[in-house]
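Structural overview
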Amino acid sequence: MGSWTRMQRMVSLTVGAVGGAAGFWYASRQWNQRQVHASWTTNFEVSKCGKWDYNWDHRDPRSLVEPVGDNVDPVVQNRYNEKLDKKRTRVTRHLILVRHGQYNMDGRTDAERYLTEKGRKQAACSGERLKQLGFDFDKIIRSTMTRAQETAKIISGSLPELKLHDDAMLEEGAPIPPEPPVGHWRPEVSQFFEDGARIEAAFRKYFHRAEPDQKQDTYTLVVCHANVIRYFVCRALQFPPEAWLRISLGHASITWISVMDDGRVTLRTLGETGHMPKELLSRPSNQTKARGTRNLILIRHGQYNLDGRNDSERYLTEVGQKQVAFTADYLKRLGVKFDRIVRSTMTRARESAKIISGSFPGLKLLDEPLLMEGTPIRPDPPSPSRHSDSEIATTHARIVAAFRKYFHRAVQKQGDTYTPVVCHANVIRYLVCRALQIPPEAWLRMSLQHASLTWIAIGHTGRVSLRSLGEASHIPPELQSR
């Protein structure tokens, strides 16, 4: 009997120990699940998909010269440095991507998908805009599809000195299955397989840093298609390529990408159409049918006094006031009904919003301190910053709060809403990354001009579309600045 009692005690202790261990494991697991591993306010580690690859074009000098070991002879090190220097470029390649104009959607063949009368006028407007920029373009490369051929031909009328180069790799297609998918457009897997390789080949052909012997910056016009351009943007900025359909491009819109000498890439503008009158603006109808869309028009303040020692002294310059006046006129030309103007409480943003409100009498101005400028998160590729980690964490928390306050899906029964938000470059770029669900560390891969417009549309289903970024073609070139 004593032995049986001892056995019972041992079993009880064993069960208790196992149960306690299991309970501890479960509690620990639940606690770990509750921990915030990627906090928007305390994460200073670059996410895996947000890390910049400097050798993305396989032209990084360090990948082209045989490395030397540590503690080598100074003579050997000097020879290595000389070889590196010979492989380096010191200029920038600018690629200006132009979408074709509106075309006959009822055409059954490519030959029948020619430009409409509106499409021809759109192309002519973009041609004149490109001429006004005064860049020394080297050539025009165009897709071999009819609508791109015609668009490039019209643009060349404004730039008659440029030769036209045809490239079939730039034809429209299905680059990669998009995320999120869309119900009205579902190509066969075989089409993605075939088109994707071709469009990727075109990207590798045209997107790379300059050759070492190139002496000056180059500007190349590429006239092609919406899917191709959107895929190029994602690949060039090292965004997840399947995000390409989160971008929407108007017909004959202009997108500008710069490839720097060190391999960094900057998106200077996306989907610019501000140089066209309202009656010429168009984009595919299947992207504009949804009702109940929340439209946020993010406006960067105008040029301001950089010598100001405090916020009150960083007021708009005379150029900045003129820039904002042109932006106000463009907003008025859009002909949409704005519900209010939200503005940062910093002087340059308040003054910009005040000028804009002059074109919309009676429209309420709402001050929002959450939208003040700051460094939202350490960018990648990195850039020098005078701010400490604690300062950035505080700024990050504030801007995240602004994102959560203003970025949410629309209520369908309320219809479309349009809200101008006047704030700052860092804030806008970070909000774009968060809205598109791309790595937030990528915010500095975009550049915004003063008084430029960035348009984000949020549907009632939660889909987000970037309709333009850094749009400033409504401002005369002589007044533009960044």
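The following refers to the structure shown. In this text, all values refer to a predicted model and were calculated from it rather than measured experimentally. (Residues numbered from 1 in each chain as written. Predicted model: local features only at pLDDT ≥ 70, side-chain atom pairs only at ≥ 80, totals over all residues. Heavy atoms only, no water.)

Let us now look at the pairing of strand S8 (residues 341-344). Burial along S8 is two-sided: the face carrying Ile341 and Arg343 and the face carrying Val342 and Ser344 are both buried. The pairing of S8 with strand S10 (residues 417-423) spans two bridges and is parallel. Opposite Arg343, over in S10, you have Val422 as the bridge partner. (Buried < 20%, exposed > 50% of the residue type's maximum accessible area, 1.4 Å probe, protein only. Helix = DSSP H or I, 4+ residues; strand = E, 2+ residues; numbered from the N terminus. Pairing = 2+ DSSP bridges.)

Contact geometry of helix H6 (residues 189-206) with helix H7 (residues 226-236) gives a least axis separation of 10 Å together with a crossing angle of 55 degrees. By the criterion of interaxial angle, the relationship of H6 to H7 is oblique. Every pair of crossing elements has a handedness; the one defined by H6 and H7 is right-handed. Contacts from Ile199, Glu200, Ala202, Phe203 and Arg204 in H6 reach Val228, Tyr231, Phe232, Arg235 and Ala236 in H7. (Axes fitted to C-alpha atoms, helices over the stretch in contact; angles between N-to-C directions. Parallel < 35°, antiparallel > 145°, perpendicular 65-115°, else oblique. Left-handed = near helix turned anticlockwise from the far one by under 90°. Contact = heavy atoms within 4.5 Å.)

Moving on, we come to the pattern of salt bridges. Applying the stated criterion across every chain yields a total of 19 salt bridges. Among the salt bridges present, the one from Glu200 reaches Arg204, with a minimum N-O distance of 2.8 Å. One end of the pair, Glu200, and the other, Arg204, are both in helix H6, four residues apart, so they sit about a helical turn from each other. On the accessibility criterion, Glu200 (11% relative accessible area) is buried. (Salt bridge = Lys/Arg side-chain N within 4 Å of Asp/Glu carboxyl O.)

Take the pairing of strand S11 (residues 453-458) next. Of all six residues that make up S11, six are buried, and the element is covered over most of its length. Side chains Leu453, Trp455 and Ala457 of S11 all project onto a buried face; the interleaved residues Thr454, Ile456 and Ile458 project onto the opposite face, where all are buried too. Relative to S11, strand S7 (residues 294-300) is paired through six bridges, and the arrangement is antiparallel. Counted as the bridge partner of Arg294 is Ile458 from S11.

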